[in-house]
Amino acid sequence: MAKLAVRPSAAPVAAPRPAGRGPTISVPAGGPAAPRRRGFSFGRAVNEKGLTVFTRQLATLVKAGMPIMRGLEVLSRQEKRKAFRQVIEDCADTIRSGGNFSDGLGANPKTFDRLYINMVKAGEAGGVLDTVLERLSVFMEKAMKIRGKVTSAMVYPAIISFVAGGIMIVLMVFVVPKFQEVFFTMLKGKPLPWLTSVVVAIANAMRENLLMVIGGLAAAGFLGWLFKRSTFGTNVLHWMLLKVPVIGDLFLKASIARFTRTLGTLLASGVPILQALIITRDTSGNVHVANAINVVHDRVKEGDSVAKPLESTRIFPGMVTSMIEVGEETGALPDMLARIADTYDEEVDNAVAALTSIIEPVMIVLMAVGVGVIVIAMFLPMVELIKSLSA
């Protein structure tokens with residue numbers, strides 16, 4: 001690594017180093033450099049989008065020939081998030097102290113996951129850190145894009161359901177009781193039509209037990225959260241995400257794209273196959289896909305190929321395992337995995353578009369039916385009243 005010039009600080013005193021041993025390190029007078037004290041923070045220092053932008057910018061700087069420490073200093077000065085700026089400065093300090101960039105990343109596991117750290121470590125070992133950072137930034141951009149598409153497909157029906165539920169509650173709790181008073185006054189004890197009676201009974205039950213309804217919904221949400229966090233609940237929910245019609249196909253394609261993209265990127269960056277499978281398993285996002293990858297890891301450890309044990313799990317389609325087998329036979333497995341990921345990314349795009357086009361009219365019709373039933377139930381007594389007045 002070329003010798004780097006470090007800007008002196010006012011507080012520390014520059015400690016001389018022998019020639020040829022790297023850049024000058026600033027240490028406090030009277031002892032070695034102490035690690036920078038970091039303030040308390042909740043969660044990650046930066047979100048996925050911010051980390052992707054940082055990786056892309058760092059890859060561009062290193063690709064242009066700028067030393068990694070100098071690139072970190074540049075990005076640190078322009079970073080507005082204090083917590084993430086502190087993380088970048090810690091990585092730069094690690095390099096100044098004679099460590100590697102991957103060592104600084106490993107000291108911040110909440111910000112950089114195992115995939116990120118191991119890819120950088122492989123790039124440092126192979127002397128192709130600029131290429132690995134470029135590949136990592138492309139991987140993160142595509143992963144964020146595909147995750148955003150799947151999330152958007154789920155957010156739209158959730159918003160429509162929330163709005164429709166709010167409208168129904170307002171009508172049942174506040175509007176229907178007003179009509180009920182009018183009906184009893186004008187019809188003078190005559191029985192209401194059966195549909196109106198049902199709607200009025202439900203509205204009265206909701207109004208009189210509103211706190212119980214809210215408490216029940218809150219309890220149901222809390223129990224659902226506990227169920228999701230349990231091992232059994234996680235297995236059930238992840239199985240449903242892969243097997244439920246329409247939605248399951250979408251999540252399966254997204255999982256295949258994520259698996260092939262992650263494994264292909266790791267292998268292309270020089271990470272050993274067994275280590276790459278472990279990282280891919282831990283970042284799969286689905287317990288059943290992770291179990292399948294674990295089976296593949298154990299079989300590969302015994303000397304088997306990737307395609308055959310992957311096919312035996314019966315989670316991945318035959319086309320995927322066949323293409324992986326061809327990639328293994330031709331020695332171009334990383335390229336083949338990237339092609340599979342590109343293919344399934346496109347299929348996820350098409351599936352999201354198709355699902356959105358189906359969900360939108362269905363949700364609108366359901367909301368219209370719910371509101372329409374209430375309106376018709378309130379209109380029927382008016383018809384009876386008009387008939388009685390005409391007679």
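Residues numbered from 1 in each chain as written. Predicted model: local features only at pLDDT ≥ 70, side-chain atom pairs only at ≥ 80, totals over all residues. Heavy atoms only, no water.

Q: Help me understand the overall build of the protein chain, please; the structure alone is not making it clear to me.
A: A tally of regular secondary structure across the protein chain gives 15 helices and two strands. A burial count over the protein chain gives 37% of its 391 residues as buried. Expressed as a percentage of contacts within the protein chain between residues at least 6 apart in sequence, the contacts between residues at least 24 apart total 61%. Only carbon and sulfur atoms are counted for the fraction: they give 64% of the accessible area of the protein chain, which is about 22,100 Å². (Helix = DSSP H or I, 4+ residues; strand = E, 2+ residues; numbered from the N terminus. Buried < 20%, exposed > 50% of the residue type's maximum accessible area, 1.4 Å probe, protein only. Contact = heavy atoms within 4.5 Å. Areas by Shrake-Rupley, 256 points an atom, 1.4 Å probe, with all protein chains shown as cover.)

Q: Looking at this structure, how should I read the layout of surface pockets?
A: One way to see where empty space is left: roll a probe the size of a water molecule over the atoms. Looking at the second largest pocket, its volume works out to about 470 Å³. If you trace the second largest pocket, you find 22 residues lining it, with Arg147, Phe251, Ala254, Arg258 and Ser284 closest to the centre. Put simply, the parts of the chain that give the lining of the second largest pocket at least two residues each are helix H6 (129–187), helix H9 (231–243) and helix H10 (247–268). The leading source of residues in the lining of the second largest pocket is H6, at eight residues. Residues belonging to the lining of the second largest pocket are distributed by class as follows: 10 nonpolar, seven polar and five charged. (1 Å grid on protein atoms, 1.4 Å probe; cavity = no way out; pocket = protein on both sides within 12 Å on 5 of 7 lines; lining within 4 Å. Points joined across faces, edges and corners; volume = space filled by probe spheres on them. Nonpolar A, V, L, I, M, F, W, Y, C, P; charged D, E, K, R; others polar.)

Q: Quick question: what am I supposed to make of a nonpolar patch on the surface here?
A: On the surface, Val155, Ile159, Phe162, Val163 and Ile167 cluster together into a nonpolar patch covering about 460 Å² of accessible area. Following the sequence through the fold, Ile159 ends up in helix H6. In this structure Ile159 comes out as partly exposed when scored by relative accessible area, which is 47%. (Patch = residues over 30% accessible without salt bridge, like charges linked within 9 Å, V, L, I, M, F, W, Y side chains within 5 Å. Salt bridge = Lys/Arg side-chain N within 4 Å of Asp/Glu carboxyl O.)

Q: Which parts of the structure should I look at to understand the nonpolar core?
A: A general tendency of soluble globular proteins is for nonpolar side chains to be buried together. With 62 residues, the main nonpolar core has Phe54, Leu72, Phe101, Phe112 and Ile324 as its most contacted residues. In terms of residues, this core owes the most to one element, H10, which gives seven residues. The contacts of Phe101, once residues within four sequence positions are left out, are Leu58, Ile68, Leu72, Cys91, Ile95, Val120, Glu124 and Leu133. In this structure, Val176, Phe183, Met206 and Ile374 belong to the second largest nonpolar core, which totals 14 residues. (Core = buried A, V, L, I, M, F, W, Y, C linked by side-chain atoms within 4.5 Å.)

Q: Is there a simple way to explain unusual backbone geometry in this structure?
A: Across the chain, the bulk of peptide bonds are trans and the bulk of non-glycine residues have phi less than zero. A positive phi angle is found at Arg314, which is not glycine, with a value near 60°. Within the fold, Arg314 resides in the loop between helix H13 (307–312) and helix H14 (318–330). The class of Arg314 is exposed, set by a relative accessible area of 74%.

Q: How should the pattern of salt bridges be read in this particular structure?
A: Close approach of charged atoms allows side chains of opposite charge to pair. Per the counting criterion, the structure on display carries 15 salt bridges. Close ionic contact of Asp93 with Arg96 constitutes a salt bridge, the shortest N to O distance being 2.4 Å. You can see Asp93 and its partner Arg96 sitting in helix H3 (residues 82–96), three residues apart, about one turn around the helix. Looking at Asp93, the relative accessible area reads 22%, which means it is partly exposed. For Arg96, a relative accessible area of 17% puts it in the buried group.

Q: I keep staring at the environment of Asp342 and nothing clicks. Help me out?
A: Tracing the backbone shows Asp342 in helix H15 (residues 333–390). Residues Asp342 and Arg261 lie 81 residues apart in sequence; the distance between their C-alpha atoms is 8.2 Å. Not counting residues up to four positions away in its chain, the partners in contact with Asp342 are Lys142 and Arg261. Polar side-chain contacts of Asp342 include one of 3.4 Å to the side chain of Lys142. (Polar contact = N/O pair within 3.5 Å; in protein donor to acceptor, adjacent residues only side chain to side chain.)

Q: It is not clear to me how the packing of aromatic side chains should be interpreted in this structure. Could you clarify?
A: Geometry of an aromatic ring pair is reported as the spacing of the ring centres plus the angle between the planes. Taken as a whole and assessed by the stated rule, the structure comprises five aromatic pairs. Summarising the aromatic geometry, the rings of Phe54 and Phe84 are spaced 5.2 Å apart at their centres and angled 80° between planes, so their arrangement reads as edge-to-face. With Phe54 in helix H1 (residues 48–63) and Phe84 in helix H3, this residue pair connects regions lying 30 residues apart in the sequence. Here Phe54 and Phe84 have matching classes, each one buried. Summarising the aromatic geometry, the rings of Phe112 and Tyr116 are spaced 5.0 Å apart at their centres and angled 50° between planes, so their arrangement reads as tilted. (Phe/Tyr/Trp six-rings, centres within 6.5 Å; stacked < 30°, edge-to-face > 60°.)

Q: In this structure, what is going on with the side chain of Ser269? I would like to understand it.
A: Along the chain, Ser269 turns up in the loop between H10 and helix H11 (273–282). You can call Ser269 buried: its relative accessible area is 5%. For Ser269, the residues in contact, after removing those within four places along its chain, are Met119, Ala122, Gly123, Val132 and Arg135.

Q: Is there a simple way to think about H9 in this case?
A: Relative to the 18 Å expected for 13 residues at 1.5 Å per residue, H9 spans 18 Å between its end C-alpha atoms, a close match to the ideal helical length. Every buried residue belonging to H9 is among Gly233, His238 and Leu242, and all of these are buried. The buried side chains of H9 occupy one side of the element, clustering within an arc of 160° when seen end-on. Where the residues of H9 are buried, they touch helix H8 (210–229), H10 and helix H12 (287–301). (Expected span 1.5 Å × (residues − 1). Arc of directions from axis to C-beta.)

Q: Where do I start with the environment of Leu129 in this structure?
A: Structurally, Leu129 is set in helix H6. Remark: the alpha-carbon pair of Leu129 and Ile68, spanning 61 residues in sequence, is separated by 9.1 Å. Discounting residues that sit within four places of it in the chain, Leu129 has contacts with Ile68, Val120, Gly123 and Glu124.

Q: Mind showing me how you'd approach the packing of H14 against H15 here?
A: Helix-helix packing is described using two parameters, namely the angle between the two axes and the distance between the axes. Put simply, H14 and H15 touch, their axes get as near as 7 Å, and they point 155° apart. For the element pair H14 / H15, the angle class is roughly antiparallel. When you trace H14 past H15, the crossing you get is right-handed. Judged by residue contacts, Met319, Val320, Met323, Ile324, Val326, Gly327 and Glu328 of H14 engage Leu333, Met336, Leu337, Ile340 and Tyr344 from H15. (Axes fitted to C-alpha atoms, helices over the stretch in contact; angles between N-to-C directions. Parallel < 35°, antiparallel > 145°, perpendicular 65-115°, else oblique. Left-handed = near helix turned anticlockwise from the far one by under 90°.)

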